[in-house]
Structure formats: C-alpha cells, structure tokens
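So the chains spell out like this:
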Amino acid sequence: MAKQVLILPGDGIGPEIVAQARNVLDVVNNKFSLGLTFTEGLVGGAAIDATGVPLPEETLAAAKAADAILLGAVGGPKWDKLDMAIRPEKGLLGLRSGLELFANLRPAILYPQLAEASSLRPEVVSGLDILIVRELTGGIYFGKPRGVRTLENGEREGYNTYVYSESEIRRIGRVAFEAAQKRNKRLCSVDKANVLEVTVLWREVMDELAKEYPDVELSHMYVDNAAMQLVRAPKQFDVIVTGNMFGDILSDEAAMLTGSIGMLPSASLNAAGKGMYEPCHGSAPDIAGQNMANPLATILSAAMMLRYSLAAEDAAAAIEQAVSDVLDQGLRTRDIAGSSGESVSTQAMGEAVARVLADR
Ligand code: NAD
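Everything quoted here is computed from the prediction, not taken from an experiment.

A. Layout of the packing of aromatic side chains. What the rule picks out here adds up to four aromatic pairs. The structure contains a cluster of three or more aromatic residues connected by ring pairs, namely Y162, Y164, W202 and F246. Of note, R149 hangs over the ring of Y159, and the distance from its end group to the ring centre comes to 3.9 Å. Sitting above the plane of the F102 ring, R171 keeps its charged end 4.0 Å from the centroid.

Written out as structure tokens, the structure is:
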C-alpha cells in the first residue's frame, strides 16, 4: 500500500529547506520504487496567518493519517508578541502530544570533511557518529506532584517528582535496542543509579530487555561520567539511551561536538513507529528568504524518516552517502564554509545531493 508522508514546511527558512528535502525524496521515491505519496499542511506561524491557530485540526488529522511527517521549523519575530497559547511553537507541542511521540532520536554525526567545525580536536571527533535516544514525554519534566509550596516556618520550597513506570522505561528501551540493531549494536544506558531509585529501576528494566536483544551489547554509565566521556572520547559511543532530563542535556552537548547546527537531523517516534522528522535547528529568521540556509539537516531528517518509519533503509543510506559525496566535492553552505571558504546557496546544495543520487 502507498505510504503517506505529510510535509509541514512551517516558517522562516522552513519552506526553503523542506523544498530541497522534498526534491531529494522525489528522486529516491522513483529510484527505489518506494511508492510514497506526499501531502502538505500548515503549522506554526504560517498556520496562524492562514487560520488563526498554530495547529489547525486538519493538520493534526492529516498527521494522524500519515505514516510519517517531515517538518521544517516554526516560529519567528512576527508571532513573538502573541499569547503563549497560540504561539507557533504550540503547533509543535500539539503534534508531539497528539501523536504521543515519546522517543526522541538525535544523531550527532560529524562528517570527517567538517572536522574543523568542532570545538574539539579533529582527531577526537572526526567521523563521530552517535545516536542519543531520549525519553520525551515522562520523567521529571512531567512527574507529579510538582510546584512551589510554603512550609510551616514560612520558607518556600520547590519540588518536582522524578518518576518512570516500568512500561515507560520498556518502550523507550525497545526503541533504543532496535536502533542499535540497525547500527553498530552497542547500547549505553545512562542513569544515576547510585543515587536515584527511579534509575535503579531504569537499569533493571534495561538489563531485562537486553535478554531479548542478544545481538546488542548493553552497558551502563552514570550521567556525570557520560557528560565527561562525551567530550573526552565521544567515539566510544554508538547508541545512548536515557531519560528526559539527562537526554535533554546530553543531546545538546553531543550536538555541539559537531559544531554545525545546519547538519543535525532528529526524529520523534511513537509506539507504532510513526514519527515526526525535523532538523534540530529553528526557523533562522535572520537568513530566511535569502537562499543561504543549509538544507542538509532537513535532507538527513528525510533519510531518518525513510529508515525509522518507512522501512526504506537502502534509500536512507543512499541519501546519507550522497550528502557525504557533495561534502567531498567541496560544496559548503555559508554556515559550514569556515572563514575563507566559498559558499553555495540552499538550492544549489539541495540540487547537488539530488543529482548525486540520480546519477548513481
Ligand atoms: P535558530 O536555530 O533558528 O538559529 C540559530 C542560528 O543558527 C541563527 O544564526 C541561524 O541563522 C543559524 N541557523 C539555523 N539553522 C540554520 C541552517 N539550516 N543553515 C544555516 N544557518 C542556520 O534558533 P533561534 O534563532 O534561537 O530561533 C529562531 C526561531 O526558531 C524562534 O522563533 C524559535 O522559537 C524557533 N525555533 C524553532 C524550532 C523548531 O521549529 N523545532 C527549534 C528552535 C527554535
């Protein structure tokens, strides 16, 4: 049966970068006979302008009906003064909760050609390819009770609850083990089991799950050590799985190892494997409409979509290889060009990837 992809360009550079990803998807759709069909929808500021709300019912319904969603970015100064409840970002949150996207996958890949872009020494990061799987809808960010209360002595006290049920741990664990199976089959579970009971349970459930995935080598690491190891020797990792708060922090740390925000894709998945795929960066209003944004994070997000939601590993790998090839050819958008390098436009970069794919 034909698989449906919903495209949500969004705001700022969103439409420019998504157009290039769409072009690349058209090429692999033909080349690998994937049978994908595409529809487009409104989200964020673009949806506010057209309908008054950041996530029109039609868009949510189309997202629920689709097999996967590719999103550009939302937001911009034009909508910054609106009430919080109808800001563009609410469109994203509505999609995440409406589709129960509990698993956030963020690869940190440093193409060897761009090793100079990192703040770490090239030999430490060149060829880095790690995947952080972060639990996105539970843990201390959502646990109850929470709040600020006044004690009998008049002092105020703030409190949150760090809670994970076995089933929540198991479902994010499965996503991580399965992702590791598609990569180098090593999974590091990050916790604070020396201090926090909730992560003692986390560790136990990961150990139980490991028996179902004998081909994956599971290890455990405390979060403080993981933060240190990520900057000391990041290439020791393949897949990292962790809870919401630790994942929030470690995934930003890992992203920055690569030094190039325009290169980083992401995926948010639900239990059925449906996912929303988007670049890690925002709508970059400062360069919107100037044909200078880097489309590669969005093109790589499309590759992740093919791998994780559309069972098209060959097409995903072909896109990733084509991105590496255009970097080998020396093509750079402005953000990755370095101080002296020449840069190409958004469109030229996207077309170069599509051309490499079509010619291969
Ligand atoms: P940003 O990621 O949009 O931009 C940060 C810097 O990186 C800017 O200088 C920008 O020009 C540059 N940049 C980002 N993507 C680039 C690309 N593909 N190519 C070249 N350069 C790129 O973050 P910001 O400036 O903090 O936020 C701008 C808007 O985006 C805000 O409205 C914010 O709320 C929104 N935002 C949206 C998302 C999302 O849609 N998921 C994520 C973050 C921020």
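B. A look at unusual backbone geometry. Here the amide bond leading from K144 into P145 is cis, since omega sits at 5 degrees, within 30 degrees of zero. Note that P145 resides in the loop between strand 5 (129–135) and strand 6 (147–150). In this model, N291 sits at a positive phi of 55 degrees, which is unusual for a non-glycine residue. Looking at the element boundaries, N291 is found in the loop between strand 12 (275–279) and helix 10 (296–308). Classification of N291 by relative accessible area gives partly exposed; the value is 31%. Here A311, not a glycine, exhibits a phi torsion of approximately 50 degrees, which is positive. Note that A311 resides in the loop between helix 10 and helix 11 (313–328).

Each value, and the rule that gives it
Residues numbered from 1 in each chain as written. Predicted model: local features only at pLDDT ≥ 70, side-chain atom pairs only at ≥ 80, totals over all residues. Heavy atoms only, no water. Phe/Tyr/Trp six-rings, centres within 6.5 Å; stacked < 30°, edge-to-face > 60°. Lys NZ or Arg CZ within 6 Å of the ring centre and 35° of its normal. Helix = DSSP H or I, 4+ residues; strand = E, 2+ residues; numbered from the N terminus. Buried < 20%, exposed > 50% of the residue type's maximum accessible area, 1.4 Å probe, protein only.

Worth remembering: the numbers are spatial, not functional.
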